[in-house]
Amino acid sequence: LLDFEDGTRKRAVRWRNDMYRCLAAQLRKQYATVVIEDTDWSKLAKKKAAEKDDKTENLTASSNRQLAAPGILSRILTEGFNTTLFAPAADTTRRCCRCGKIDAFDSAIELVRTCRHCNETDDQDNRAALNLLDFATSPEAAKAPRSCLIVAHDAPTASETDSAEEAEDQSLQV
């Protein structure tokens, strides 16, 4: 049973990585630059001490947290584009993309928000995407501390990427 579970997980991880590579290839055909929030995904994937003792957590939710692997998607996108900008992650969903004001609200509960300053109603994901686009076209993008231009990038082979991803996946296992 453990061998079956391990094999199933490895197939799911390979499928996810292939899907991320295909997405990066499609985006690369349409865009020259990728803008990614400057976030340490490995810290977010780890459970907090209080959550580790939670016996009520759904196994599917625990598994999905690791299978989605936004850090791996971020790395594949970074490797796939010649130009990568890292935008500050603070307030990308709370900053109104129309007026620029920041509204404090519980983003876990309220997915769609109306700005109290300009009455613009927006979904969190759309708002964050527009704020990242604004960042990419702003003068501050060139001055951002971790903003980087990758000029010559030797992409790893598929087997090197898979080995690195398997090591990262094993380190994220609960």
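Residues numbered from 1 in each chain as written. Predicted model: local features only at pLDDT ≥ 70, side-chain atom pairs only at ≥ 80, totals over all residues. Heavy atoms only, no water.

(A) Fine view of the overall build of the chain. Each helix and strand in the chain was counted, giving 8 helices and 5 strands. For the chain, the α and β elements follow one another from N to C terminus as α-β-α-α-α-α-β-β-β-α-α-β-α. The buried share of the chain, reckoned over its 174 residues, is 29%. For the chain, the share of sequence-separated contacts (at least 6 apart) that also reach a separation of at least 24 residues comes to 71%. Accessible surface, the chain as shown: approximately 11,600 Å² in total, 54% of it carbon and sulfur. (Helix = DSSP H or I, 4+ residues; strand = E, 2+ residues; numbered from the N terminus. Buried < 20%, exposed > 50% of the residue type's maximum accessible area, 1.4 Å probe, protein only. Contact = heavy atoms within 4.5 Å. Areas by Shrake-Rupley, 256 points an atom, 1.4 Å probe, with all protein chains shown as cover.)

(B) Structural view of the confidence of the model for the chain. Residues of the chain with pLDDT of at least 70 account for 67%, and the chain-wide mean is 75. The weakest mean pLDDT in the chain belongs to strand E5 (residues 148-149) at 41; the strongest belongs to helix H1 (residues 2-30) at 90. Throughout residues 146-161 the model reports pLDDT below 50, and contacts reaching past four residues in sequence, or to other chains, amount to 22 contacts. (pLDDT = per-residue confidence, 0-100.)

(C) Region of interest: helix H6 (residues 124-136). Between its terminal C-alpha atoms H6 stretches 18 Å, which fits the 18 Å expected from 13 residues at 1.5 Å a residue. Among the residues of H6, those classed as buried are Gln-124, Arg-127, Ala-128, Asn-131, Leu-132 and Phe-135. For H6, the angular spread of buried residues about the axis comes to 135°, placing them on one side. N-cap assignment for H6: the residue whose side-chain oxygen lies 2.8 Å from the backbone N of Asp-125 is Asp-123. (Expected span 1.5 Å × (residues − 1). Arc of directions from axis to C-beta. Polar contact = N/O pair within 3.5 Å; in protein donor to acceptor, adjacent residues only side chain to side chain.)

(D) The nonpolar core, seen in detail. Counting residues in hydrophobic clusters, the biggest one holds 10 residues: Tyr-20, Ala-24, Val-34, Ile-36, Ala-69, Ile-72, Ile-76, Leu-77, Phe-81 and Phe-86. Of all the elements in the fold, those that place two or more residues in this core are H1, strand E1 (33-38) and helix H5 (70-80). With 3 residues, the top contributor of residues to this core is H5. Discounting chain neighbours no more than four positions away, the residues touching Ala-24 are Ile-76, Leu-77 and Phe-81. (Core = buried A, V, L, I, M, F, W, Y, C linked by side-chain atoms within 4.5 Å.)

(E) Broad picture of the packing of H1 against H5. One can describe the packing of H1 onto H5 by two numbers: an axis separation of 9 Å at closest approach and a directional angle of 40°. As judged from the angle between their axes, H1 and H5 are oblique. Here H1 runs over H5; the crossing is right-handed. Facing H1, whose interface residues are Arg-16, Asn-17, Tyr-20, Arg-21, Leu-23, Ala-24, Leu-27 and Arg-28, H5 presents Ile-72, Leu-73, Ile-76, Leu-77 and Gly-80. Class assignment for the residues of the contact of H1 with H5 results in 8 nonpolar, 2 polar and 3 charged. (Axes fitted to C-alpha atoms, helices over the stretch in contact; angles between N-to-C directions. Parallel < 35°, antiparallel > 145°, perpendicular 65-115°, else oblique. Left-handed = near helix turned anticlockwise from the far one by under 90°. Nonpolar A, V, L, I, M, F, W, Y, C, P; charged D, E, K, R; others polar.)

(F) Fine view of H1. An ideal rise of 1.5 Å per residue puts 42 Å on 29 residues; H1 measures up with 42 Å between its terminal C-alpha atoms. Taken together, the buried positions of H1 are Gly-7, Arg-9, Val-13, Arg-16, Asn-17, Tyr-20 and Ala-24.

(G) A look at unusual backbone geometry. Phi is positive for Asp-91, close to 65°, though the residue is something other than glycine. Inspection of the secondary structure puts Asp-91 in the loop between strand E2 (83-88) and strand E3 (112-114). Positive phi, close to 65°, is recorded for Asn-119, a residue that is not glycine. Looking at where Asn-119 falls in the secondary structure, it is placed in the loop between E3 and strand E4 (121-123).

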